Amino acid sequence: MSGGAMRPLDRLPSIRAKLGSVIVFAVAVTIMIMYLTVGFALRTYEQTRESQALQGEAQTVAALAFTSAGVPSSNLGRVVDRVPNQTSVFDASGRPLVGSYQPPTLDRVLRGYTDFGLAKGHRYAGVPVFRGSALVGAVYVSRRDVGSGIGGAALTTLALLRTVWWQLLAAGAISAFIALALARILARGMTQPIREMAGAAERMATGDYQARVKVHTRDELGRLAGSFNRMAGELEGVERLRRELVANVSHELKTPISALRAHLENLLDGVEEPNPETLQIMLEQSERLTRLVEELLDLSRLEAGDVPLQLEPVGLRALVEQVGREVSVGRGSERPAFRNEVNASVEVNADRERLHQVLFNLLDNAFRFTPGDGSVVASASIRDSTCEVAVEDTGPGIPAEHLPFVFERFYRVSSSRSRDDGGTGIGLAISRSIVEAHGGRIRVEQRPGGGSRFVFEVAVAPPAAGQDGGRRFAEPAQGGVYAGGARVKEEA
Ligand code: ADP
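Residues numbered from 1 in each chain as written. Predicted model: local features only at pLDDT ≥ 70, side-chain atom pairs only at ≥ 80, totals over all residues. Heavy atoms only, no water.

Caption draft 1: Summary view of the overall build of the chain. Secondary structure summary: the chain contains 11 helices and 12 strands in total. A buried classification covers 39% of the 492 residues belonging to the chain. Considering only contacts in the chain between residues 6 or more positions apart, those separated by 24 or more positions represent 65%. Carbon together with sulfur atoms contributes 57% to the accessible area of the chain, which is approximately 28,400 Å² in total. (Helix = DSSP H or I, 4+ residues; strand = E, 2+ residues; numbered from the N terminus. Buried < 20%, exposed > 50% of the residue type's maximum accessible area, 1.4 Å probe, protein only. Contact = heavy atoms within 4.5 Å. Areas by Shrake-Rupley, 256 points an atom, 1.4 Å probe, with all protein chains shown as cover.)

Here it is as structure tokens:
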């Protein structure tokens, strides 16, 4: 509970204790109620029995109180004295012969009815007296009743309970014992996953993400255990990625740093001359370091979603042309032929700088891996409001088993070749992040005639302002379906 006072149950240290105390309390209340009702029922029974006894006494007196002729017996006083309870005898006209009790229902009895009940704190029974068929009088026997009224009722019940207190105690103790044992078994089963989770969470806190909880039940705790296991699995995955990343980054940084250091040591030792060639190599290594760090920063920003996209309509053909020139510059005449087959009418809705980066990565790879007699082709096709941009080459291609991984950070099909080439293994990971930030997907496949074919999706630019309210931003779509209408420029 937040803040305020704890409820009594929350003070107990374990679920087992809570369950146990609740069950014991319930059992105690049940036993109490049971004994009270039994007590009351027995009291009614007792009262009936008492009335019957009084009636019996009245009958005895009635038999002896009058002669067979119907006149009051001469020894009426003695007859009455033999009966332990207060006795009153009346003649047929209701005149008292013996006793001072004033019965509440005398006329009823004098009409021939037997009567018993409780009046003014006295339990009474009255019987008519017949001689032959003639009613000659009435006999009443009465006694003070201790059990009348609420207080009296409670007193008689209590008195009754006092006589059976040890049975009560024994039954209560046995029930409480059974209840506690049941609570213990129940709580043990119920709290098993909780205890396991607590243990697993503690292990996770110390860096061991392999702990899992066994799921035995389908109740809330079972579901909680399931969620816990999924969470543990995801944390384990994240932790593995983090470790891999740190290892990869360290490894990637180490290579150029070692190379630089080796050259510097050679220069200091006089083994190498500080000639332009050596300095050029060192400059390249430091450039590679810079590129690596910049790319890593860029990738982490992209993955964190820190890079806002400046979406605008971009003419794809012109951009491909520009990137193609940038990539082929400085590759000499030994470079593959480049064909830009993108239709001049295609305009996409993208962040120009980021789209440039994707095209640069793809075309740079294609030029790097394709021999001089090969070719690199860029093309685009529009389906609905999606533009599929493809970059194909006739290079060595990527073996099928590597295809699913080339977009992962630092993944290289052949590490030595790519690294010699200045590759960092991050370019495609950055490209994927950019394409996904635009709401599209990127994939690679083997080109039918050899070589590789990279394809990514980007939204076609929406109709010009005025036709569609000038919408400028594509909503990232699921499954590569894009919002926004197609816009194809009139061919010049
Ligand atoms: P790098 O900077 O090493 O090129 P990338 O992420 O751009 O990193 O590429 C990852 C790997 O994918 C490359 O090392 C290479 O093995 C493979 N690859 C990418 N493009 C091509 C291509 N056009 N032809 C053959 N292999 C490629």
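Caption draft 2: Seen up close, the packing of helix 7 (residues 276–303) against helix 11 (residues 427–437). Between helix 7 and helix 11, whose axes approach to 10 Å, the crossing angle comes to 25 degrees. With respect to helix 11, the axis of helix 7 lies roughly parallel. Crossing hand, helix 7 versus helix 11: left-handed. Residues Glu295, Asp298, Leu299, Leu302 and Glu303 of helix 7 pack against Gly427, Ala429, Ile430, Ser433 and Ile434 of helix 11. When the residues that make up the contact of helix 7 with helix 11 are grouped by side-chain class, the tally is 5 nonpolar, 2 polar and 3 charged. (Axes fitted to C-alpha atoms, helices over the stretch in contact; angles between N-to-C directions. Parallel < 35°, antiparallel > 145°, perpendicular 65-115°, else oblique. Left-handed = near helix turned anticlockwise from the far one by under 90°. Nonpolar A, V, L, I, M, F, W, Y, C, P; charged D, E, K, R; others polar.)

Caption draft 3: The pattern of salt bridges, seen in detail. Using the criterion set out here, one finds 24 salt bridges in the structure. With a closest N to O distance of 2.6 Å, Glu236 and Arg212 form a salt bridge. A residue pair is termed long-range when its members are at least 10 positions apart, and Glu236 in helix 6 (residues 220–269) and Arg212 in the loop between helix 5 (165–205) and helix 6 qualify at 24 residues. Taking relative accessible area as the criterion, Glu236 reaches 22% and is therefore assigned partly exposed. One salt-bridge network, in which partners are shared between bridges, spans Arg383, Glu388, Glu392, Arg443, Glu445, Arg447 and Arg453. (Salt bridge = Lys/Arg side-chain N within 4 Å of Asp/Glu carboxyl O.)

Caption draft 4: Examining the packing of aromatic side chains more closely. The tally for this structure, following the rule as stated, stands at 6 aromatic pairs. A centroid spacing of 6.1 Å and a plane angle of 85 degrees characterise the contact between Phe407 and Phe454, whose relative ring orientation is edge-to-face. Taken together, the positions of Phe407 in the loop between strand 10 (386–393) and helix 10 (415–420) and Phe454 in strand 12 (residues 452–459) put the pair 47 residues apart, joining distant regions of the chain. In this structure Phe454 comes out as buried when scored by relative accessible area, which is 6%. Over the aromatic face of Tyr113 sits the side chain of Arg108, whose NZ or CZ is 5.0 Å from the ring centroid. (Phe/Tyr/Trp six-rings, centres within 6.5 Å; stacked < 30°, edge-to-face > 60°. Lys NZ or Arg CZ within 6 Å of the ring centre and 35° of its normal.)

Caption draft 5: Structural detail: the packing of helix 9 (residues 352–369) against helix 11. In the contact formed by helix 9 and helix 11, the axes pass within 9 Å of each other and the chain directions differ by 145 degrees. The two elements helix 9 and helix 11 meet at a crossing, and its hand is left-handed. Across the interface between the two elements, Arg354, Gln357, Val358, Asn361, Leu362 and Asn365 of helix 9 pack against Gly427, Leu428, Ile430, Ser431, Ile434 and Val435 of helix 11. Per-class residue counts for the contact of helix 9 with helix 11 are 6 nonpolar, 5 polar and 1 charged.

Caption draft 6: Molecular detail of the nonpolar core. Core analysis: the largest hydrophobic core is formed by 44 residues, its most contacted members being Leu316, Val348, Leu355, Leu359, Cys387 and Phe456. Discounting chain neighbours no more than four positions away, the residues touching Leu355 are Val314, Leu316, Leu319, Val348, Ala350 and Phe456. By size, the runner-up hydrophobic cluster in this structure holds 18 residues, among which are Ala65, Phe66, Val80 and Val136. (Core = buried A, V, L, I, M, F, W, Y, C linked by side-chain atoms within 4.5 Å.)

Caption draft 7: Representation of the pairing of strand 8 (residues 347–351) in the model. Burial analysis of strand 8 places 5 of its 5 residues in the buried class, which makes it a mostly covered element. In strand 8, alternate side chains face the same way, and those of Glu347, Asn349 and Asp351 on one face and Val348 and Ala350 on the other are all buried. Sheet analysis places strand 6 (residues 311–315) next to strand 8, joined by 5 bridges and oriented antiparallel. Across the sheet, residue Gly315 finds its bridge partner in strand 8, namely Glu347. (Pairing = 2+ DSSP bridges.)

Caption draft 8: Looking closely at unusual backbone geometry. A positive phi is found at Asp384, a non-glycine position, where the angle reads about 55 degrees. Structurally, Asp384 can be placed in the loop between strand 9 (375–383) and strand 10. By relative accessible area, which is 70% here, Asp384 ends up exposed. Phi is positive for Phe410, which is not a glycine, with a value near 65 degrees. Looking at the secondary structure, you find Phe410 in the loop between strand 10 and helix 10. The exposure class assigned to Phe410 is buried, which follows from its relative accessible area of 9%.

Caption draft 9: Summary view of the sheet that holds strand 5 (residues 134–144). If you walk across this open sheet you meet the 5 strands as 2-1-5-4-3, and the pairing is antiparallel. Only two strands of the sheet have a single neighbouring strand rather than two, namely strand 2 (96–98) and strand 3 (115–119). On average, each strand axis in the sheet is tilted by 25 degrees relative to the strand beside it, whichever way the strands run. When strand 4 (residues 122–131) meets strand 5, the two strands line up antiparallel, connected through 10 bridges. Among the inter-strand pairings, His122 is bridged to a residue of strand 5, identified as Arg144. Together, strand 1 (86–91), strand 3, strand 4 and strand 5 form the strand contacts of helix 1 (residues 15–65), whose direction differs from that of strand 4 by roughly 35 degrees.

Caption draft 10: Inspection of the environment of Arg339 at higher detail. Within the secondary structure, Arg339 sits in strand 7 (residues 337–340). Using a relative accessible area of 44% as the deciding quantity, one classes Arg339 as partly exposed. Apart from residues no more than four positions distant in its own chain, Arg339 is found in contact with Val376, Val377 and Ala378.

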